[in-house]
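Results of the structural survey
This is what each chain is made of:
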Amino acid sequence: MQIDRDGSPLKVSALVYAGFFKWLENRSEGVPGYVTVDPVSMSAEYVRLEEGMIYVPSAYFLQDADRYIRIHYPTALLGSAHFEIDEEGNPYYISTVYKRTIGLFGGQTVAGAILLDPVTGELTRYGVDEVPGWVDLVYSGDLLCTQYNWYGTLSGGFLNSVFTMKGCKQITTYDVAEDDTSDAVPACDYGYVAQGGDIWIYTGVTSVNSDSSNVGFLLANERTGEARFYSIAGADEQSAMDAAEGEVQEKGYQASFPSLINVEGSPTYIMVLKDSSGLVKLYAAVNVEQYNLVTTASTQEECIRKYKSLLGLEDTADEDENAEVLETDIILAAVRYITVDGNTWIYLVAEDGSVYRALAAENEAMLILEAGDSVHLEFYSDGEIVSCEMTP
């Protein structure tokens with residue numbers, strides 16, 4: 001689950017039983033802990049609990065979290081329980097309570113949530129306005145997208161949504177795989193933004209004609225259901241992802257769902273490119289209005305720097321202290337190679353103790369450097385090398 005922790009995004013996941021016999025053997029002790037992952041630094045941490053979680057979805061019979069909640073609330077319209085942690089790191093399973101607003105089966109919306117303490121089995125039901133602030137997911141992203149589609153297509157009337165379709169809008173969708181034999185239909189696609197202590201989903205809004213362009217963007221709060229629409233025309237997310245992948249098509253990297261950022265007044269998609277193992281290899285920036293304007297780099301800072309240069313914003317970039325290019329002549333005391341997040345970096349250690357670095361894949365000529373060589377460097381103030389030349 002994607003949650004907000006102290007103003008920063010965090011992913012959390014409880015451990016699960018590997019099967020029935022694993023549960024049978026450990027049902028009295030419960031699941032011992034959970035894992036947190038920082039999606040920015042890509043670091044993970046295992047958190048071991050003082051007491052194990054007894055009531056979890058991977059358990060069986062009366063210890064199954066969904067079944068346990070259903071037994072205590074037999075008439076409620078419930079969603080599947082998902083895992084979150086509170087501000088002190090205590091685990092909870094949360095099940096959204098729904099209600100119908102049109103007859104018995106139409107107009108689904110949220111009526112509240114039920115919180116389960118998986119250690120003690122304590123259950124607490126809250127109304128939609130009473131849910132604790134640390135809870136991040138009450139309205140699912142799929143429900144928020146569905147509700148916006150109702151608004152976007154039906155606000156001009158039902159007949160308009162069928163015939164003229166004037167002003168009809170919907171969130172961007174992606175098609176199911178060609179080899180998918182299920183009855184699946186095009187599904188909504190969205191990313192996440194941590195803002196104001198809550199998690200908001202982010203997705204583009206397009207016309208019902210699905211012409212690979214957006215008319216705006218939607219931000220919707222997964223805890224309160226609040227939605228905000230921003231009118232910005234440009235390429236849709238899938239087109240931007242294709243443009244980023246095309247920039248390094250020989251490597252076969254896959255783009256993540258992008259986020260929308262403001263670069264000196266220019267709406268821009270920012271995303272990561274991953275290899276087949278899911279490791280982040282590059283960052284990519286794509287202009288929303290002209291998605292043929294694409295830059296990639298090994299770090300987010302360098303990607304934005306190159307993107308500003310592509311847009312002709314060098315003067316603005318030079319105002320950034322880290323963008324200032326410095327020069328020096330050094331004698332190498334050591335050359336080191338360090339792998340960070342799957343990328344090999346070359347570290348040059350000068351005789352005076354100063355350290356400089358460069359990505360090996362983009363500076364292959366530096367691989368021949370050895371201790372004792374004299375080099376002339378151009379570098380940023382953070383130590384990242386712009387160019388390196390050997391000197392007599």
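Residues numbered from 1 in each chain as written. Predicted model: local features only at pLDDT ≥ 70, side-chain atom pairs only at ≥ 80, totals over all residues. Heavy atoms only, no water.

**A closer look at the overall build of the protein**
Of regular secondary structure, the protein possesses 7 helices and 28 strands. Counting only residues that meet the buried cut, the protein has 44% of its 392 residues in that class. Of the contacts made within the protein by residues no fewer than 6 positions apart, 43% connect residues no fewer than 24 positions apart. Total accessible area on the protein stands at roughly 20800 Å², and carbon and sulfur atoms take up 49% of it. (Helix = DSSP H or I, 4+ residues; strand = E, 2+ residues; numbered from the N terminus. Buried < 20%, exposed > 50% of the residue type's maximum accessible area, 1.4 Å probe, protein only. Contact = heavy atoms within 4.5 Å. Areas by Shrake-Rupley, 256 points an atom, 1.4 Å probe, with all protein chains shown as cover.)

**Notes on the nonpolar core**
Counting 28 residues, the largest nonpolar core has Ile69, Phe83 and Leu116 as its most contacted members. Going through the elements one at a time, β2 (8–14), β3 (31–38), β4 (43–53), α2 (65–72), β6 (82–85), β7 (91–102) and β8 (106–116) are the ones with two or more residues in this core. With residues near it in sequence (within four places) discarded, Phe83 still touches Met1, Val12, Ser13, Ala14, Tyr34, Met53, Pro91, Tyr92 and Tyr93. Among the nonpolar cores identified, the runner-up in size contains 21 residues, and Val131, Val138, Tyr139 and Ala220 belong to it. (Core = buried A, V, L, I, M, F, W, Y, C linked by side-chain atoms within 4.5 Å.)

**Points about the layout of surface pockets**
The method is simple in principle: a probe with the dimensions of a water molecule rolls over the atoms, and the space it marks as empty is what remains. Taken as a whole, the largest pocket holds about 1600 Å³ of empty space. Along the wall of the largest pocket there are 50 residues; nearest its centre are Pro39, Val40, Ser259, Val272 and Gln300. Classifying every residue of the lining of the largest pocket gives 30 nonpolar, 14 polar and 6 charged. (1 Å grid on protein atoms, 1.4 Å probe; cavity = no way out; pocket = protein on both sides within 12 Å on 5 of 7 lines; lining within 4 Å. Points joined across faces, edges and corners; volume = space filled by probe spheres on them. Nonpolar A, V, L, I, M, F, W, Y, C, P; charged D, E, K, R; others polar.)

**Quick word on the packing of aromatic side chains**
Per the counting criterion, the structure on display carries 16 aromatic pairs. Centroid distance Phe20 to Tyr60: 5.2 Å. Interplanar angle 80°. Geometry classified as edge-to-face. Pair noted here: Phe20 is in helix α1 (residues 20–26) and Tyr60 is in the loop between β4 and α2, with a separation of 40 residues, a long-range link. Residues Trp23 and Tyr60 carry aromatic rings whose centres are separated by 5.6 Å and whose planes lie at 55° to one another, so their mutual orientation is tilted. Remark: Tyr60 occurs in the loop between β4 and α2 and Trp23 occurs in helix α1; sequence separation between them is 37 residues. The class for Trp23 is buried, based on a relative accessible area of 5%. These aromatic residues form a ring-pair network of at least three members: Phe20, Phe21, Trp23, Tyr60 and Phe61. (Phe/Tyr/Trp six-rings, centres within 6.5 Å; stacked < 30°, edge-to-face > 60°.)

**A closer look at the side chain of Asp117**
Position of Asp117 among the secondary structure elements: in the loop between β8 and β9 (123–127). Arg5 provides the closest opposite charge to the buried, salt-bridge-free Asp117, at an N-O distance of 15 Å. A polar side-chain atom of Asp117 sits 2.9 Å from the main-chain amide nitrogen of Val119. Aside from chain neighbours lying at most four places away, what touches Asp117 is Pro91, Tyr92 and Glu122. (Lys, Arg positive; Asp, Glu negative; His and termini not counted. Salt bridge = Lys/Arg side-chain N within 4 Å of Asp/Glu carboxyl O. Polar contact = N/O pair within 3.5 Å; in protein donor to acceptor, adjacent residues only side chain to side chain.)

**Brief notes about the pattern of salt bridges**
Considering all chains together, one arrives at 5 salt bridges under this definition. In this structure, Arg228 and Glu226 form a salt bridge, with 3.1 Å as the shortest nitrogen-oxygen distance. Take Arg228: its relative accessible area is 30%, and that puts it in the partly exposed class. Among the ionic pairs, Lys281 bridges to Asp275, the shortest N-O distance being 3.8 Å.

**Considering unusual backbone geometry**
In this model, Phe61 sits at a positive phi of 55°, which is unusual for a non-glycine residue. Here Phe61 lies in the loop between β4 and α2. Phi at Glu264 is positive, roughly 55°, even though this residue is not glycine.

**Topic: α2**
Taken residue by residue, α2 has Ala65, Tyr68 and Ile69 as its buried positions. Relative to the axis of α2, the buried residues are bounded by an arc of 95° and lie together on one face. For α2, the N-terminal capping position is held by Asp64, with its side-chain oxygen 3.0 Å away from the main-chain nitrogen of Asp66. (Arc of directions from axis to C-beta.)

**Things to note about the sheet that holds β4**
Judged by pairing direction, the sheet is antiparallel, and its 4 strands sit side by side in the order β1-β2-β3-β4 without closing on themselves. Looking at the sheet topology across the chains shown, the edges are occupied by β1 (2–5) and β4. For this sheet, the mean inter-axis angle between neighbouring strands, taken without regard to orientation, is 35°. Two strands pair when backbone bridges link them, and β1 and β2 are joined in this way by 4 bridges, in the antiparallel orientation. Paired with Arg5 across the strands is Ser8, a residue of β2. (Pairing = 2+ DSSP bridges. Axes fitted to C-alpha atoms, helices over the stretch in contact; angles between N-to-C directions.)

**What about the side chain of Asp86?**
Examined against the element boundaries, Asp86 turns out to sit in the loop between β6 and β7. No salt bridge is formed by the buried Asp86; its nearest oppositely charged neighbour, Arg5, is found at 6.3 Å. A polar contact is formed between the side chain of Asp86 and the backbone nitrogen of Glu88, at a distance of 3.0 Å.

**Some points on the state of the cysteines**
Applying the stated criterion to the full structure yields 0 disulfides. This cysteine, Cys168, is not joined by any disulfide, and Cys145 carries the nearest cysteine sulfur, 17 Å off. Overall, Cys168 belongs to the buried group, its relative accessible area being 5%. (Disulfide = S-S within 2.5 Å.)

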